[in-house]
Amino acid sequence: MIQSLFILSPTGEVLIERHFRSTVTSRTVCDHFWTKASEGLNHHGGVSTASTAILGSNPFMLYDSVEPVMEVPDIGNDGSGDAAASGGGTIYLFSILRDGLSYLAACPPCIGNQNNNNGGMGISPLLITEFLHKIADTFVIYFGDPADESAVKDNFSTAYQLLEEMVDYGWPLTTEPNALTDLIRPPTVMAKIQQAMTGGSSTILSEALPNGTVSNMPWRKAGVTHPNNEIYIDIVEEIDAILSPSGGVISSDVSGSIQAQSNLSGVPDLILTFNDPTLIDDCSFHPCVRYARFEKDKVISFVPPDGAFELMRYRVRMNNGDGHNKIVGNMPIQVIPRISYGKFGSGEKGSSGVAGRISLSVTARSISSLIYSSSRKGPLVIEDVAVVIPFPKFVRTANLNATAGQIIYDEAGKIAKWNIGKLDEKTRPQLNGTMVLEDGSEEKVSTISEGEQPPLLVTWKILLSSVSGLNISGLSVTGEHYKPYKGVRNITKSGTFQVRC
């Protein structure tokens, strides 16, 4: 069970604080978390607003030093520092990072212990972690993407109302977006104007229960109608990889998800079949999926929610058989970094006499491990290409120039983002620049040569391609008389895609 929930800003400020039981968790648990999280930052006091915009939802800069579950002392709400007097001594703190915000759930030490003095049942740690992600996903639905610090500050009342409905005495209760939007209407411009004029809340609450609350399908509303009946399905596969400075694959892993957008009237019953279901492993499904049917026939039978939802998640089965943790042997994109430190002459060095140089080249590779759809035509085009460059702590400033794209540099966070956009085989964008180092950086530069240079983070996306070759062979609709339009496509994108320097 969740005792308290905190949402922290990118600078460690507590934005949302909600206690669900009689025991109030002290904010000191947030201090313990932020002390640990700050170890992975390039400067003291957290990340800046510009750093949050650059990193987006990529947590690698912050979570290098934070464990998903931390055991922290509970000193009690009185701040006396006496953990024993507060009753419990320790608190389990779960954390995730989404859109620059840290979501923290404080749970009592009865986790995993059925015979505890608090009389509570043991609870799965993955349940808490998944629920925190569900809260972040709900904020995106209500406040837009990204649901960052400014979005939460603009919708404080709605955020607290959502937590009231989603949690009941510390246990997850209502998490389906369709049910939540019936209970709490998403904020609108008119509601905010009314709030400014009357001084009241912009949150619109419903006095009636959602239609699906008392049915066996809480994820779907009753009486849904659409003028055009259609359903779109995206098979999205993300590649998590670590690449060497020369472009070789050190390790890789592929996880996939099936994202759906359903605009179907009535109560349709769908059956989805794959061309080769043996390619997928370690599946997790939306509650609408009949799991017994999948276990028996390897088909997905479900009544879909209305609107956008995630049907399932899976991992690509490793079939290379060589014992190495490499699923993708050849990547479709290659990033070659060259970083050096030394004395390069006047004008480039700081008062310490030492400066740095950086050079990056990015190329698209048509020969890779990806499998392309038969409907794909034309040359390879990689979309949304961007490179995040974290600089070491001893770098004072950097002067960067690129032959293509746009560079955003955060002086405080010492992070740069190179937005390239679309990339094909003919274009070979390059970035070059110099770095001015802090005083007395000679000894620190020597440690960089031993492998302490922060890795680059690369993001990209390729349409009509996949790693596993998984495709949908059929999608049938029963229970309704209409014939909907069906659209299916494959997307391959980067997950945590790091390049060592």
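See the structure above.
Residues numbered from 1 in each chain as written. Predicted model: local features only at pLDDT ≥ 70, side-chain atom pairs only at ≥ 80, totals over all residues. Heavy atoms only, no water.

1. Observations concerning the sheet that holds strand E16 (residues 333–342)
Overall, antiparallel pairing links the four strands, which are arranged E16-E17-E23-E20 in an open sheet. Both edges of this open sheet fall to E16 and strand E20 (395–402), since each of them pairs with a single strand only. In this sheet, neighbouring strand axes are inclined to one another by 15° on average, regardless of whether the strands run parallel or antiparallel. Here seven bridges tie E20 to strand E23 (residues 430–437), and the two strands are oriented antiparallel to one another. Following the sheet pairing, asparagine 399 is matched in E23 by threonine 434. (Pairing = 2+ DSSP bridges. Helix = DSSP H or I, 4+ residues; strand = E, 2+ residues; numbered from the N terminus. Axes fitted to C-alpha atoms, helices over the stretch in contact; angles between N-to-C directions.)

2. What to know about the packing of helix H3 (residues 125–143) against helix H5 (residues 156–166)
Contact geometry of H3 with H5 gives a least axis separation of 11 Å together with a crossing angle of 135°. For the element pair H3 / H5, the angle class is oblique. In terms of crossing hand, the pair formed by H3 and H5 is right-handed. The segment H3 lies against H5, with Phe131, Lys134, Ile135, Thr138, Phe139, Tyr142 and Phe143 engaging Thr158, Ala159, Leu162, Leu163 and Met166. A class-by-class count of the residues in the contact of H3 with H5 yields nine nonpolar, two polar and one charged. (Parallel < 35°, antiparallel > 145°, perpendicular 65-115°, else oblique. Left-handed = near helix turned anticlockwise from the far one by under 90°. Contact = heavy atoms within 4.5 Å. Nonpolar A, V, L, I, M, F, W, Y, C, P; charged D, E, K, R; others polar.)

3. Some points on the pattern of salt bridges
Per the counting criterion, the structure on display carries 13 salt bridges. Between arginine 315 and aspartate 253 there is a salt bridge; the shortest N-O distance is 2.8 Å. Placement of the pair is arginine 315 in strand E15 (residues 307–316) and aspartate 253 in strand E11 (residues 249–263), with a sequence separation of 62 residues. The exposure class of aspartate 253 is buried, given its relative accessible area of 16%. (Salt bridge = Lys/Arg side-chain N within 4 Å of Asp/Glu carboxyl O. Buried < 20%, exposed > 50% of the residue type's maximum accessible area, 1.4 Å probe, protein only.)

4. What about H5?
Regarding H5, the residues found buried are Thr158, Ala159, Leu162, Leu163 and Met166. All buried residues of H5 project into a common sector of 140° when viewed along the axis, lining one side. (Arc of directions from axis to C-beta.)

5. Some remarks on helix H1 (residues 28–37)
When we look at burial in H1, the residues that qualify are Thr28, Val29, Cys30, Phe33, Trp34 and Ala37. The inward-facing, buried residues of H1 contact strand E1 (4–8), strand E2 (14–19), strand E3 (69–73), strand E4 (90–98) and strand E5 (101–107).

6. Overview of the sheet that holds strand E10 (residues 230–243)
Taken together, the nine strands give an open sheet; going across it, the order is E13-E15-E11-E10-E27-E24-E19-E22-E21, and neighbouring strands pair in mixed fashion. Whereas interior strands pair on both sides, the edge strands pair on one side only; in this sheet they are strand E13 (280–285) and strand E21 (406–410). On average, each strand axis in the sheet is tilted by 20° relative to the strand beside it, whichever way the strands run.

7. Topic: the packing of aromatic side chains
Working definition: an aromatic ring pair is given by the centre-to-centre distance plus the angle between the planes. Under the counting rule described, the total for this entry stands at nine aromatic pairs. Among the aromatic side chains, those forming a connected cluster through ring pairs are Tyr103, Phe139 and Phe143. Cation over ring: arginine 376 sits above tyrosine 372, and NZ or CZ is 4.2 Å from the ring centre. (Phe/Tyr/Trp six-rings, centres within 6.5 Å; stacked < 30°, edge-to-face > 60°. Lys NZ or Arg CZ within 6 Å of the ring centre and 35° of its normal.)

8. Here's the deal with the pairing of E23
What you see with E23 is a clean split: Leu431, Gly433, Met435 and Leu437 sit on the buried side and Gln430, Asn432, Thr434 and Val436 on the side with no burial. Direction of pairing for strand E17 (residues 355–364) relative to E23: antiparallel, over a ladder of seven bridges. Directly across from leucine 360, in E23, lies its bridge partner leucine 431.

9. Here's the deal with the environment of proline 392
By the secondary structure assignment, proline 392 is in the loop between strand E19 (381–390) and E20. With a relative accessible area of 5%, proline 392 lands in the buried category. For the pair proline 392 and leucine 437, spaced 45 residues apart in sequence, the C-alpha to C-alpha distance is 9.5 Å.

10. Concerning unusual backbone geometry
Along the chain, aspartate 145 connects to proline 146 via a cis peptide bond; the corresponding omega equals 5°. Position of proline 146 relative to the elements: it lies in the loop between H3 and helix H4 (149–154). Although it is not a glycine, lysine 298 adopts a positive phi angle of roughly 60°. Take lysine 298: it is sitting in the loop between helix H8 (291–297) and strand E14 (300–302). When its relative accessible area of 37% is taken as the criterion, lysine 298 is described as partly exposed.

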